[in-house]
Amino acid sequence: MAGETVVTIIGNLVDEVELRFTPGGAAVAKFRVASVPRTFNKETQQWEDAKDGLFLTCSAWRQAAENAAESLTRGMRVIVQGRLKQRSYEDREGVKRTVYELDVEEVGPSLKNATAVVTKAAGKGGPEVQQARRQQGAASAEDPWASGTPGTGRPPAGGGGGWGSSADEHPPF
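Worth saying up front: this structure is predicted, and the values here are computed from it rather than measured. (Residues numbered from 1 in each chain as written. Predicted model: local features only at pLDDT ≥ 70, side-chain atom pairs only at ≥ 80, totals over all residues. Heavy atoms only, no water.)

Remarks on the overall build of the protein chain
Thinking step 1. Counting its secondary structure elements, the protein chain contains 2 helices and 8 strands.
Thinking step 2. Taken from N to C terminus, the helices and strands of the protein chain fall in the order β-β-β-β-β-β-α-β-β-α.
Thinking step 3. When contacts within the protein chain are restricted to residue pairs at least 6 apart in sequence, those whose partners lie at least 24 apart make up 56%.
Thinking step 4. Split by element, the accessible area of the protein chain, about 12200 Å² in all, is 50% carbon and sulfur. (Helix = DSSP H or I, 4+ residues; strand = E, 2+ residues; numbered from the N terminus. Contact = heavy atoms within 4.5 Å. Areas by Shrake-Rupley, 256 points an atom, 1.4 Å probe, with all protein chains shown as cover.)

What follows is the structure, encoded as structure tokens:
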């Protein structure tokens, strides 16, 4: 959408990726990235971390969430791009607080000091994702976005599904 603030952050994962599912079955991955600038101290001839770094909570959805949970681990250097969101709330003591979060569009490992083997993901997720779905009792692990004939991913008979007028017609992709 126009007017959104898109940012790219490079940093290290602070914790393991936490994968959950909405009641409708959509996967959501939450993780925090720490970006701490380093400078070279000429007096000591050593690299030093800045005192204050940026710690940003990130949320990825659906297939990207599942892929992140299966691919990324704590401490890994990552590149994350997404829409920066601001949220204000009042804590338990009544103090007003503001947090910044990143709604992730793209995430992956940094290859600056590492290598990666890229494998195209299957649509259903790996064993860890399937087990998480079972544990959380997702409504439909087969196709959580199906709105038509249960378990088929097709619109209800009689049309109105958006892919065409026939229930036997498959999506155009």
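Brief notes about the nonpolar core
Generally speaking, a soluble globular protein has its nonpolar side chains buried in company with each other.
Thinking step 1. Of all hydrophobic cores here, the largest spans 20 residues; its most connected members are Leu-13, Val-17, Leu-19, Phe-31, Val-33, Cys-58 and Val-80.
Thinking step 2. Those elements that place two or more of their residues in this core are β1 (6-13), β2 (18-21), β3 (27-35), β6 (54-61), α1 (62-71), β7 (77-90) and β8 (96-109).
Thinking step 3. Looking at this core element by element, the count peaks at 4 residues for β3.
Thinking step 4. What Cys-58 contacts, discounting residues up to four positions off in sequence, is Ala-29, Lys-30, Phe-31, Val-33, Val-80, Leu-102 and Val-104. (Core = buried A, V, L, I, M, F, W, Y, C linked by side-chain atoms within 4.5 Å. Buried < 20%, exposed > 50% of the residue type's maximum accessible area, 1.4 Å probe, protein only.)

Some words on α1
Thinking step 1. Regarding α1, the residues found buried are Ala-65, Glu-66, Ala-68 and Ala-69. Buried residues in α1, looked at end-on, bunch into an arc of 160°, giving them a common side. (Arc of directions from axis to C-beta.)

As for unusual backbone geometry
Thinking step 1. Of note in the backbone geometry, Gln-45 takes a positive phi value of approximately 60° without being a glycine.
Thinking step 2. Take Gln-45: it is sitting in the loop between β4 (38-41) and β5 (46-49).
Thinking step 3. Not every positive phi belongs to a glycine, and Arg-62 is a case in point at roughly 55°.

Some points on the packing of aromatic side chains
Thinking step 1. Counted by the stated rule, this structure contains 1 aromatic pair.
Thinking step 2. When the ring of Phe-40 is compared with that of Trp-47, the centres are 5.4 Å apart and the planes differ by 65°; the resulting orientation is edge-to-face. (Phe/Tyr/Trp six-rings, centres within 6.5 Å; stacked < 30°, edge-to-face > 60°.)

Some thoughts on the side chain of Ser-110
Thinking step 1. Position of Ser-110 among the secondary structure elements: in the loop between β8 and α2 (127-136).
Thinking step 2. Not counting residues within four places of it along the chain, the set of residues in contact with Ser-110 comprises Arg-77, Val-78 and Ile-79.

Regarding the environment of Ser-88
Thinking step 1. Inspection of the secondary structure assignment puts Ser-88 in strand β7.
Thinking step 2. Through-space distance from the C-alpha of Ser-88 to that of Tyr-100 is 8.9 Å; in sequence the pair is 12 residues apart.
Thinking step 3. Among all residues touching Ser-88, those that are not within four sequence positions of it are Arg-97 and Thr-98.
Thinking step 4. A polar contact is formed between the side chain of Ser-88 and the side chain of Thr-98, at a distance of 3.2 Å. (Polar contact = N/O pair within 3.5 Å; in protein donor to acceptor, adjacent residues only side chain to side chain.)

Some points on the side chain of Arg-83
Thinking step 1. Within the secondary structure, Arg-83 sits in strand β7.
Thinking step 2. Residue Arg-83 is classed as buried on the basis of its relative accessible area of 17%.
Thinking step 3. A distance of 2.7 Å separates a polar atom in the side chain of Arg-83 from a polar atom in the side chain of Asp-103.
Thinking step 4. In this view, Arg-83 contacts Glu-4, Thr-5, Val-6, Glu-101, Leu-102, Asp-103 and Glu-105; residues no more than four positions away in its chain are not counted.

Overview of the pattern of salt bridges
Thinking step 1. Taken as a whole, this structure holds 8 salt bridges when the rule is applied.
Thinking step 2. Note that Arg-83 is salt-bridged to Glu-4, the shortest N-O span being 3.3 Å. Note that Arg-83 is positioned in strand β7 and Glu-4 in the segment before β1, a separation of 79 residues in sequence.
Thinking step 3. Residues Arg-83 and Asp-103 are paired through a salt bridge, measuring 2.7 Å at the closest nitrogen-oxygen approach. Of this pair, Arg-83 sits in strand β7 while Asp-103 sits in strand β8, placing them 20 residues apart in sequence.
Thinking step 4. Via salt bridges that share partners, Glu-4, Arg-83, Lys-85, Asp-103 and Glu-105 belong to a single interconnected network. (Salt bridge = Lys/Arg side-chain N within 4 Å of Asp/Glu carboxyl O.)

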